[in-house]
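# Observations on chain architecture
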Amino acid sequence: MSDAIRTTCPYCGVGCGVRATPAGDRQLRIEGDPEHPANRGKLCSKGTHLGETVGLGGRLLHPMIGEKRASWDKALDLVVKRFNDTIARHGPESVAFYVSGQLLTEDYYVANKLMKGFIGTSNIDTNSRLCMSSAVAGHIRAFGEDVVSASYDDLDEADLFVLVGSNTAWCHPIVYQRIQATREKRGAKLVVIDPRRTETCEDADLHLAIRPGSDVALMNGLLAHCLRAGLVDEEYLAANVSIPQGFWDMIGQGSDLWSTARSCDVAPEQLLRFYELFAAHPRTVTLFSQGINQALRGTDQVNAVINVHLATNRIGKPGSAPFSITGQPNAMGGREVGGLASTLAAHMDFAPENVARVGRFWSAPRMATKPGLKAVDMFRAVEEGRIKAIWVMATNPAVSMPDANRVRDALAACPFVVVSDVMADTDTGRFAHVRLPAAAWAEKDGTVTNSERRISRQRQALPLPGEVKPDWWIIKEVAARMGWASAFAYGGPADIYREHARLTAYDNKGARMLDLRDHAAIGNPAYDAMEPVRWGERSFADGRFPTPDGKARLVSTVQAALADPLKDWPLTLNTGRYRDQWHTMTRTGLSPKLARHREEPLVEIHPGDAGRFGLEDGDIARVATPQGQSLFRVGISEGQRPGEIFTPIHWTDRQSTGGRTGLLPRPLTDPHSGQPGFKSTPAKVEKV
Ligand code: SF4
């Protein structure tokens, strides 16, 4: 029997270690890796059934120009010609890459380098924009750098877990299991803050079903209570934290118990119970996810959470931290190489000295000097004809972007669309002029970084089928054909990883915490054998932050006015994941066992609203918003707040005629991060 290959799960940001043992033709036996610190041998249902997803059914195995099979040379030459022609006629700002948290760090690095250093624009953004860019913006505002301030070890040492906007039991199951283990071992308490009563709430000590979008009021109210109760650490603040003028006045306004309870629409007794639990347990980890990030004031919500931890000195210590848990397997690696349009590379922004530094390091002929278009703005630019050539890698924006029908129309009208993907028929691929066959999980080789900043290897366990190639190879071949062969002369992912590591350390005199200098000369055998490693020590343990004055910053966050329901759109649509599906189901949809958990997309609705709109459990209902409409099976649920409905994000035209959540949300974004506010769209339902 073959030996097990140690690799990493390709789904969520927990980043569990997987042992994949080849067991016949295109077969893998999957087990959790007991030696991986993230999961210690455990896997959730999605990870467990990875073996069912590695067959070749539906795979894109050859380059395609239109519907015709083409050679790699022909397909790549066409991509280069059309991009070069577009740049020559309309300038570098007329082209874009839209990439993905599914890419490995090495893929991301090469794409970012090509766009920002050689093509000369920052129009490279990623589906991570839809996932955690508010956390990035919040970290930078508070800490000066996008540094996550917790690790999974903190989960073993906390006495109180506050989960905000996170159905952790479904979306980060192994993190949830660690939380539950700590509750059993230490008697730690669990508070869940979520408008919906999800599976995560079932065993919680307290569930606050707050009004959607009232998180800033809640956190400011908590901080006001901490101030009154003497929990604010004045000494720590004086030494380590900058406080903007008027901050405490801002916190004091409307933040008494009754006002906060009214703003959040929860009982004052419940709110007080939360405050008391927080006061009694200094070892608090506050985990936040898409309920915080995917909001029109997502960045303020992130900072309101961090403010509480900074002011009470619950950061940089065992079991005490705010903790952004990321959705995708390599959202963090993408952030580290600068895969967002708003960052340059290696956690640097576009300050002139950073542009000069990175330009020197890359010997770049044409450095981008300013941020590029963020996801929603990028597809708006495609719609308006300002972007005339776009390359989409490993993601499906025709389904996942808000107001997705508009994105489809934009792609349909775009003069040149390239899609690299593992699957032959994707919703986005249908608009492509050229499709490039990319390596799938278990065929790829490289690194990913999980939510706690741990870099792990994804290793190849299966041969590349057909003419499939790794993403980094495809991008470097395009770069070479554009005339930059020597700058992209990578023989394999280890070459790219070393260069990335060198860039993090290049002229970095302690200004940035991301510093992989220990890996800058890593040899190929050591790269192949690399054990999972978390970069940096415990963040902020010494009270120093990567800002010019070394201090963290409290950020003034004012609760935005929350609109009442509109006459024609009396409900608010919230969206999210199911336990056993991932993104647009291109991979999890291949597993019959995973499909059994939820076979259809439901619109979940409170019994009172169901009665109001004449709906019964199991009916088919049309969910409509000003952007579009789609059909869903009705699921009546006491866990929904009155006035709120919930639909899952996964289904596309390829699986069903309904359940198209992506076309419903507004394409409105947070002003700091550009992250869409998926969690609150005015909507209505009617029986069909
Ligand atoms: Fe994979 Fe996330 Fe499940 Fe771990 S928790 S097995 S990383 S999906």
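Residues numbered from 1 in each chain as written. Predicted model: local features only at pLDDT ≥ 70, side-chain atom pairs only at ≥ 80, totals over all residues.

What follows covers the domain arrangement of the protein chain. Often, the extent of an interface is quoted as the loss of accessible area on bringing the components together. Segmentation of the protein chain into domains returns domain 1 (5-53), domain 2 (71-130 + 348-534), domain 3 (133-325) and domain 4 (571-687). For domain 1 versus domain 3, the distance between C-alpha centres works out to 31 Å. In this complex, domain 1 contributes nine residues to the contact, which on the side of domain 3 involves eight residues. (Domains from an automatic or database assignment. Contact = placed C-beta atoms within 7 Å.)

Not every one of the 14 residues close to the ligand is listed here, only the nearest: Cys9, Cys12, Cys16, Cys44 and Gly47. Looking at the shell around the ligand, the elements with two or more residues in it are helix 1 (45-48) and helix 7 (173-186). Class assignment of the residues belonging to the shell around the ligand gives a composition of nine nonpolar, four polar and one charged. When residues of the shell around the ligand are sorted by domain, at least three fall in each of domain 1 (5-53) and domain 3 (133-325). (Near = placed C-beta within 6 Å. Helix = DSSP H or I, 4+ residues; strand = E, 2+ residues; numbered from the N terminus. Nonpolar A, V, L, I, M, F, W, Y, C, P; charged D, E, K, R; others polar.)

Moving on: the sheet that holds strand 8 (residues 160-164). If you trace the five strands from one edge of the open sheet to the other, you get 10-9-8-12-13, paired in parallel fashion. Each edge of the open sheet carries a strand with a single partner, namely strand 10 (206-208) and strand 13 (321-324). Here the average twist between neighbouring strands, direction ignored, is 15°. With five bridges joining them, strand 8 and strand 9 (residues 189-193) adopt parallel strand pairing. Following the sheet pairing, Phe161 is matched in strand 9 by Leu190. (Pairing = 2+ DSSP bridges. Axes fitted to C-alpha atoms, helices over the stretch in contact; angles between N-to-C directions.)

What follows is about helix 19 (residues 404-413). Turning to helix 19, its buried residues number three or more, namely Ala404, Val407, Arg408, Ala410 and Leu411. Across the axial projection of helix 19, the buried residues extend over an arc of 165°, all falling on one side. Packed against the buried residues of helix 19 are helix 17 (375-383), helix 18 (397-400) and strand 15 (416-421). (Buried ≥ 20, exposed ≤ 12 C-beta atoms within 10 Å, placed from the backbone. Arc of directions from axis to C-beta.)

Once that is clear, we can look at the packing of helix 8 (residues 215-228) against helix 14 (residues 298-311). Following both chains from N to C, one finds helix 8 and helix 14 inclined at 15°, their axes separated by 8 Å at the closest point. Relative to helix 14, helix 8 is oriented roughly parallel. As helix 8 packs across helix 14, the resulting crossing turns out to be left-handed. Contacts between helix 8 and helix 14 involve Asp215, Val216, Met219, Asn220, Leu222, Leu223 and Cys226 on the former and, on the latter, Asp300, Gln301, Ala304, Val305, Asn307, Val308 and Ala311. Looking at side-chain class alone, the contact of helix 8 with helix 14 contains nine nonpolar, three polar and two charged residues. (Parallel < 35°, antiparallel > 145°, perpendicular 65-115°, else oblique. Left-handed = near helix turned anticlockwise from the far one by under 90°.)

Another point: the sheet that holds strand 6 (residues 95-99). If you walk across this open sheet you meet the seven strands as 5-4-16-15-14-6-7, and the pairing is mixed. The sheet is open, and its two edges are formed by strand 5 (68-69) and strand 7 (124-126), each paired on a single side. The strands touched by helix 3 (residues 105-119) within the sheet are strand 6, strand 7 and strand 14 (389-393), with strand 6 carrying the most contacts at an inclination of about 165°. Helix 17 contacts strand 6, strand 7 and strand 14 of the sheet and is inclined by roughly 135° relative to strand 6.

Another point: unusual backbone geometry. The phi dihedral of Asn313 is positive, around 55°, even though this residue is not glycine. Its location among the elements puts Asn313 in the loop between helix 14 and strand 13. Take Asn313: there are 20 C-beta atoms within 10 Å of it, and that puts it in the buried class. Positive phi, normally seen in glycine, also occurs at Ser363, with a value near 50°. Structurally, Ser363 can be placed in the loop between helix 16 (352-362) and helix 17.

Working note: a packed helix pair is described by the angle between its axes plus the distance between those axes. The interhelical angle for the contact between helix 8 and helix 11 (residues 257-264), taken along N-to-C directions, is 165°, at an axis separation of 9 Å. The angle between the axes of helix 8 and helix 11 places the two elements in the roughly antiparallel class. Judged by the twist between their axes, the crossing of helix 8 over helix 11 is left-handed. Where helix 8 abuts helix 11, its residues Ala217, Leu218 and Gly221 lie against Thr260, Ser263 and Cys264. Partitioning the contact of helix 8 with helix 11 into residue classes produces three nonpolar, three polar and no charged.

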